[in-house]
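Survey of secondary and tertiary structure
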Amino acid sequence: MFFAAGMGPYGVMRVPYRALWERGWGLAAHSLSGRLLFLTILYALASEVLIFVPAIGLYYRELLDDHILSAELAILPFTESGGQRLSEGLRDQLLKHANADAVLLKRADQRELFLVDAMPAHLDLSVDLTKDSLVADMFNGVDCLLRGGDRVLHVVAPTHIEGAQSIGIVLGEAPLRGALLIYARRAVAAALFISAATAALVFVSLFYFLVRPLRRITRSMVAFRENPEDASRILSPARNGGEIGQAERELSAMQRDLYGFLRQKARLAALGAAVARIQHDLRNILATAQLASDRLAASEDPIVMRLTPSLVASIDRAIALASSTLKFGKAEERPPQKTAVELRALVDEVAQSALGTSSHSRLDNRIDAGVVADADREQLFRMILNLVRNADEALASRQTGGVICLTAMHAGRSVQIDVTDNGPGIPRVVEGKLFEPFASARPGGTGLGLAIARDLARGHAGDLVLVTTGPEGSVFRITLPDRS
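Because the structure is predicted, anything quoted here is derived from the model rather than measured.

**So, the overall build of the protein**
Of the regular secondary structure elements, the protein holds 11 helices and 14 strands. The burial tally for the protein puts 34% of its 484 residues in the buried class. Total accessible area on the protein is roughly 29,300 Å²; 59% of this is exposed by carbon and sulfur atoms.

Written as structure tokens, this is what we have:
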């Protein structure tokens, strides 16, 4: 089916009707804005239906009241004194304005019948207006609208004529139903107009305040997913409040964090590649230096003998630093080989390796003898060594009195090792990224010590956390699962 497809015989450009219809229907039925539009129209129509039925009942009651009033006015002259002396012609003219076939006036002692036309042979339905009931009016109105037409009604209502108890009229239902149909058509047209106008206003409001910002967020998410390393695709949040503004700000912050992580990952990959390239040359250099130090160690010169241990230690530290950097960059840490490690003796070895004559603090080993951890001895040594060295370097700002205290205890089915110092604490800016690679808390640090230590702890199914920090010092805790 087409109303436009290609070029017509008269040169008119034709476009596929079906394609446009399917596109429009897909946009309306499957988009958030289209669903909002449909729901708004549906709810507006539902509310109009709830109003329509009572309105039909009230209008039906109004029509009957008008007929009763016309009948009262038509027979009123006959109820007064001298009404019987009215001429037959005047009588017929007055009764024609009754809008009924017959009028029945009920008094306490008698009933008066006024015939306009011939009295119908039978009455199909009786309507009692002496009781004011909206439910009955709604039922009668809807019944007349749906089933009425050729029926004859007998309507009874209270009257204002003096001395009369009630008034009744007999009339055909067709005029009433015709008036109800006209009213119903107008009401439905008004309902459709109100629903469409309400839906349009609600749709425009929701589209501007909700759908459009959500589309902007969605487009930003899709664009960022396609290339998260492109900083230009990070969402610039609008400066408005509310839930949408908060969602934009949170999304922008998440994209910036992810962008930073990816850049850091790229730098780590570059670092690993660079270290791998220089590994061979660095090992040759260190091997030559180590060979020279071994020869110097055999010298009997007192000065050489005094300086050689420091030289050997420096070369060993250089080898360890290069190896740890290479392992971290290439993620080649071997699985832990767990044994029962006596912690007090291990900490004493750490103290000898980490704290020399030039250290800024002393180590207070408060671990009780016999406290054992189920861990890889070499990896646990490196964990504690990194923490002690970091604490010693943090205490460099203190001239004297720097103390690093180590304690250990069993807590449930795990062992907790606390490393406490009385240094200046960790800056709050660094605290959130303390365990990330290259996030050093002090100038000149590599930022790898804590990252490596945490990786080793988690390799044991444990963890390394910062318990507390402040002007009084910091506390780091290594948690390792105990032997099951």
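There is more to say after this.
**Things to note about the packing of helix H4 (residues 134-147) against helix H5 (residues 174-226)**
At a minimum axis separation of 9 Å, H4 and H5 run at an interaxial angle of 95 degrees. Between H4 and H5, the interaxial angle falls into the category roughly perpendicular. On H5, the residues that touch Gly141, Cys144, Leu145 and Leu146 of H4 are Leu176, Arg177, Leu180, Leu181 and Ala184. Looking at the contact of H4 with H5 residue by residue, the class counts come to seven nonpolar, one polar and one charged.

**Thoughts on the nonpolar core**
The biggest cluster of nonpolar side chains holds 43 residues, and the ones touching the most others in it are Leu343, Leu380, Ile384, Val388, Leu406, Leu464 and Phe476. For this core, the secondary-structure elements that each account for two or more residues are helix H8 (343-354), strand E10 (372-375), helix H9 (377-394), strand E11 (403-411), strand E12 (414-421), helix H11 (449-459), strand E13 (463-470) and strand E14 (473-481). Among the elements that line this core, the one with the most residues is H9, at eight residues. Among residues more than four places away in sequence, those in contact with Leu343 are Ile367, Val371, Ala373, Leu380, Ala408, Val415 and Ile417. Counting 29 residues, the second-largest nonpolar core is a separate cluster that includes Ala71, Val103, Phe114 and Ala164.

**Describing the sheet that holds strand E6 (residues 152-157)**
Read from one edge to the other, the open sheet built from five strands follows the order E4-E3-E7-E6-E5, with strand pairing classed as mixed. Both outer strands of the open sheet, strand E4 (111-115) and strand E5 (125-128), are each paired with one neighbouring strand and no more. Across the sheet, the axes of successive neighbouring strands diverge by a mean angle of 15 degrees, strand direction being ignored. Across six bridges, E6 lies against strand E7 (residues 164-172) in antiparallel orientation. Of the residues in E7, the one forming a bridge with Leu153 is Leu171.

**Some thoughts on the packing of aromatic side chains**
Using the criterion set out here, one finds one aromatic pair in the structure. With 4.3 Å between their ring centres and 10 degrees between their planes, Tyr59 and Tyr183 make a pair best called stacked. Of the two residues, Tyr59 is situated in helix H2 (residues 32-79) and Tyr183 in helix H5; the sequence distance between them amounts to 124 residues.

**Regarding the packing of H9 against H11**
As a packed pair, H9 and H11 sit with axes 9 Å apart at the nearest point and diverge in direction by 150 degrees. Taken together, the axis directions place H9 and H11 in an arrangement best described as roughly antiparallel. Crossing of H9 against H11: the hand is left-handed. From H9, Gln379, Arg382, Met383, Asn386, Leu387 and Asn390 reach across to H11, where they touch Gly449, Leu450, Ile452, Ala453, Leu456 and Ala457. Split by residue class, the contact of H9 with H11 holds seven nonpolar, four polar and one charged.

**Re the pattern of salt bridges**
The tally for this structure, following the rule as stated, stands at 14 salt bridges. When the shortest N-O distance is used, the salt bridge between Arg61 and Asp137 registers 3.4 Å. A residue pair is termed long-range when its members are at least 10 positions apart, and Arg61 in helix H2 and Asp137 in helix H4 qualify at 76 residues. Both residues of the pair, Arg61 and Asp137, belong to the buried class. The residue Asp143 makes a salt bridge to Arg151 at a minimum N-O spacing of 2.8 Å. Of the two residues, Asp143 and Arg151, both sit in the buried class.

**Description of the sheet that holds E12**
Overall, mixed pairing links the five strands, which are arranged E9-E11-E12-E14-E13 in an open sheet. Across the chains shown, the open sheet's two edge strands, defined by having one partner strand only, are strand E9 (362-365) and E13. Averaged over all pairs of adjacent strands, the angle between strand axes in this sheet comes to 20 degrees, irrespective of strand direction. Here seven bridges tie E13 to E14, and the two strands are oriented antiparallel to one another. Its bridge partner being in E14, Val465 is matched across the sheet by Arg477.

So, how was this worked out
Residues numbered from 1 in each chain as written. Predicted model: local features only at pLDDT ≥ 70, side-chain atom pairs only at ≥ 80, totals over all residues. Heavy atoms only, no water. Helix = DSSP H or I, 4+ residues; strand = E, 2+ residues; numbered from the N terminus. Buried < 20%, exposed > 50% of the residue type's maximum accessible area, 1.4 Å probe, protein only. Areas by Shrake-Rupley, 256 points an atom, 1.4 Å probe, with all protein chains shown as cover. Axes fitted to C-alpha atoms, helices over the stretch in contact; angles between N-to-C directions. Parallel < 35°, antiparallel > 145°, perpendicular 65-115°, else oblique. Contact = heavy atoms within 4.5 Å. Nonpolar A, V, L, I, M, F, W, Y, C, P; charged D, E, K, R; others polar. Core = buried A, V, L, I, M, F, W, Y, C linked by side-chain atoms within 4.5 Å. Pairing = 2+ DSSP bridges. Phe/Tyr/Trp six-rings, centres within 6.5 Å; stacked < 30°, edge-to-face > 60°. Left-handed = near helix turned anticlockwise from the far one by under 90°. Salt bridge = Lys/Arg side-chain N within 4 Å of Asp/Glu carboxyl O.

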